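Fold and geometry: a report
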Amino acid sequence: MIPSIGELLDQPAKYFHWTHWFTAQLGAIHAVQETGLLAHLGPDALSAEEIALSAGLHLDATQRLLNFLAAEGVIAVDAAGKFSATERSLLLQRIGGLNWLTGEISACAVKFGEAMSDESGRNGWTLAHGKPLFEDLAKNDHWVRHFAEAMSFHTEVEQPRMFAAHQFEPFDLAVDVGGSHGDLLMRLLTDHPSARGIVFDLPEAVEQARGAIAAAGMSDRLEAVSGSFFESVPEGGDLYLVKHIIHDWSDEESIAIFKTIRAAMKPGSRLAVLERIIPAETRPDIANSFDMIMLMCTTGRERKVADFERLFAESDLKLDRVSENPEGVSVIEAVPV
């Protein structure tokens, strides 16, 4: 468990070190993403001079960043002071979308205090970037790709615990609303070999999803359909999935999304909302941290079980069961009233 701010403040020297270490780590990750530095490392050891020349970067800055990454256990350094790639650095390259998103969130985090008193109600993201998050995404294919990559990696790391904690009822057709590249449905369909799925997302994401689905050899069971979940979603699904969508939106917007899904459901359909749940008692929890990020960057929030129950009630749905996962994503299921 990452120490809480309160725990760190019990040891002021540790708090001091943490603020600097965290800032250095965040800056290093962002620099790696922006410069593509790690792509210039391979299995053969290279000097800082060779890497800087290949990447078109300043030598002194490159040398110091490489030293930091080696000290942090990301890359390897030999006795001659030459650097090479590792499994960790290859992973850090692969999750470039997450690294990008972390950098963009850090930019809006420093605007959080200003946003709290902004007379126009702008949040940190809007103050930092000029437009709300999803307006930025709608107008930038490059950002859409990075955002989808970040969501896919999040699904990848969360899936094992989520599927261990929750057993989905049998279904013939599942619709993943806001399903990005389709990673969640591809995993779910492996447990239900006779079922089919539809990934539903904005046109930019759907184009990428079709490529991922084809690469996984699942085009015969899984299709990607574009649209807006504020307008309509594919009808007739037995199971509707909404993973890390509702926390991006206000209560009013979330109710609108639920109502759109409810209109597409048939008798016997189920809605599975996959989100982190804020615990009923006040204690450190990763859901609280995500709630702060939502406050900084979106109109949304993380919620307690009672909050979902209330939103369902206003959307012609009712809470049916909850599989809580304190260490990750929980599954909150609802059925039509």
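What comes next concerns the included structure.

Let's shift gears to the overall build of the protein chain. When helices and strands are tallied, the protein chain shows 15 helices and nine strands. Along the first, second and third principal axes, the C-alpha set of the protein chain runs to 70 × 50 × 35 Å. Across the 337 residues that make up the protein chain, the buried fraction comes to 47%. Sequence-distant contacts in the protein chain: of pairs separated by 6 or more residues, those separated by 24 or more amount to 66%. Of the roughly 16900 Å² of accessible surface on the protein chain, a fraction of 55% belongs to carbon and sulfur atoms. Taking the average place of the 28 positive charges on the side chains of the protein chain and the average place of its 50 negative ones, the gap between the two points comes to 2 Å.

Attention now moves to the packing of helix 2 (residues 12-35) against helix 4 (residues 59-71). Two quantities define a packed helix pair, namely the angle between the axes and the distance from one axis to the other. For the pair helix 2 and helix 4, the least separation of the axes is 11 Å and the interaxial angle reads 115°. Crossing hand, helix 2 versus helix 4: left-handed. Taking contact as the criterion, the partners of Ala 24, Gln 25, Ala 28, Ala 31 and Val 32 in helix 2 are, on helix 4, Leu 65, Phe 68 and Leu 69. Of the residues belonging to the contact of helix 2 with helix 4, the class tally is seven nonpolar, one polar and no charged.

With five of five residues buried, strand 6 (residues 239-243) is to be regarded as a mostly interior element. Of the two faces of strand 6, the one lined by Leu 239, Leu 241 and Lys 243 and the one lined by Tyr 240 and Val 242 are each fully buried. Of the pairings in the sheet, the one linking strand 6 to strand 7 (residues 270-275) comprises five bridges and is parallel in character. Looking at strand 7, one finds that Leu 239 is bridged to Arg 270. Taking the sense of rotation as the criterion, the β-α-β connection linking strand 6, helix 13 (residues 251-264) and strand 7 turns out right-handed.

Our focus in this paragraph is helix 10 (residues 141-165). Here helix 10 is 25 residues long and its end C-alpha atoms lie 35 Å apart, about the 36 Å a rise of 1.5 Å per residue gives. When the local axis directions of helix 10 are compared, the greatest deviation, roughly 50°, occurs at Gln 159, which is followed within four positions by the proline Pro 160.

It is worth spelling out the pairing of strand 9 (residues 330-336) at this point. Burial of strand 9 is extensive: seven of the seven residues sit out of reach of the surface. Here five bridges tie strand 7 to strand 9, and the two strands are oriented antiparallel to one another. Across the sheet, residue Glu 275 finds its bridge partner in strand 9, namely Ser 330. Strand direction decides the pairing type here: strand 8 (residues 317-323) and strand 9, joined by six bridges, are antiparallel. Note that in strand 9 the partner of Ser 323 across the bridge is Val 331. Two successive antiparallel strands, strand 8 and strand 9, enclose a turn made up of six residues.

On to helix 6 (residues 96-109). Between the first and last C-alpha of helix 6 there are 20 Å, a value that for 14 residues agrees with the 20 Å anticipated at 1.5 Å per step. Against helix 2, helix 5 (87-94), helix 7 (112-115), helix 8 (124-129), helix 10 and helix 14 (286-297) lie the buried residues of helix 6.

Another point: the packing of helix 6 against helix 10. Relative to each other, helix 6 and helix 10 sit at 110°, their axes nearing to 7 Å. Of the possible angle classes, the one that applies to helix 6 and helix 10 is roughly perpendicular. For the pair helix 6 and helix 10, the contacting residues are Gly 96, Gly 97, Leu 98, Trp 100, Leu 101 and Glu 104 in the first and Trp 143, His 146, Phe 147, Glu 149, Ala 150, Met 151 and Phe 153 in the second. Looking at the contact of helix 6 with helix 10 residue by residue, the class counts come to eight nonpolar, three polar and two charged.

Core analysis: the largest hydrophobic core is formed by 27 residues, its most contacted members being Val 177, Tyr 240, Ile 261, Leu 271 and Phe 312. Secondary-structure elements contributing two or more residues to this core are strand 3 (173-177), strand 4 (196-201), strand 6, helix 13, strand 7, helix 15 (305-313) and strand 9. Looking at which element gives the most residues to this core, the answer is helix 13, with five residues. Not counting chain neighbours up to four residues away, the residues in contact with Tyr 240 comprise Val 175, Val 177, Val 233, Pro 234, Glu 235, Ile 261, Ala 264, Met 265, Ser 269, Arg 270, Leu 271 and Ala 272. Of all hydrophobic cores here, the second largest spans 24 residues; its members include Leu 185, Leu 189, Met 218 and Val 329.

Turning our attention to the pattern of salt bridges. One pass over the structure, following the stated rule, counts 18 salt bridges. A salt bridge links Asp 191 to Arg 187, with the shortest nitrogen-to-oxygen separation between them at 2.6 Å. A residue pair is termed a helical-turn pair when its members lie 3 or 4 positions apart in one helix, as Asp 191 and Arg 187 do in helix 11 (residues 183-191) at four residues. On the basis of relative accessibility, which here comes to 27%, the residue Arg 187 falls in the partly exposed class. In this structure, Arg 310 engages Asp 251 in a salt bridge whose closest nitrogen and oxygen atoms are separated by 3.2 Å. Of this pair, Arg 310 sits in helix 15 while Asp 251 sits in helix 13, placing them 59 residues apart in sequence. For Arg 310, a relative accessible area of 35% translates into the label partly exposed.

Parameters and conventions
- Residues numbered from 1 in each chain as written.
- Predicted model: local features only at pLDDT ≥ 70, side-chain atom pairs only at ≥ 80, totals over all residues.
- Heavy atoms only, no water.
- Helix = DSSP H or I, 4+ residues; strand = E, 2+ residues; numbered from the N terminus.
- Buried < 20%, exposed > 50% of the residue type's maximum accessible area, 1.4 Å probe, protein only.
- Contact = heavy atoms within 4.5 Å.
- Areas by Shrake-Rupley, 256 points an atom, 1.4 Å probe, with all protein chains shown as cover.
- Lys, Arg positive; Asp, Glu negative; His and termini not counted.
- Charge placed at Lys NZ, Arg CZ, Asp CG, Glu CD.
- Axes fitted to C-alpha atoms, helices over the stretch in contact; angles between N-to-C directions.
- Left-handed = near helix turned anticlockwise from the far one by under 90°.
- Nonpolar A, V, L, I, M, F, W, Y, C, P; charged D, E, K, R; others polar.
- Pairing = 2+ DSSP bridges.
- Right-handed = clockwise from strand over helix to strand, strands pointing away.
- Expected span 1.5 Å × (residues − 1).
- Bend = angle between axes of the 7 residues up to and from the residue.
- Parallel < 35°, antiparallel > 145°, perpendicular 65-115°, else oblique.
- Core = buried A, V, L, I, M, F, W, Y, C linked by side-chain atoms within 4.5 Å.
- Salt bridge = Lys/Arg side-chain N within 4 Å of Asp/Glu carboxyl O.

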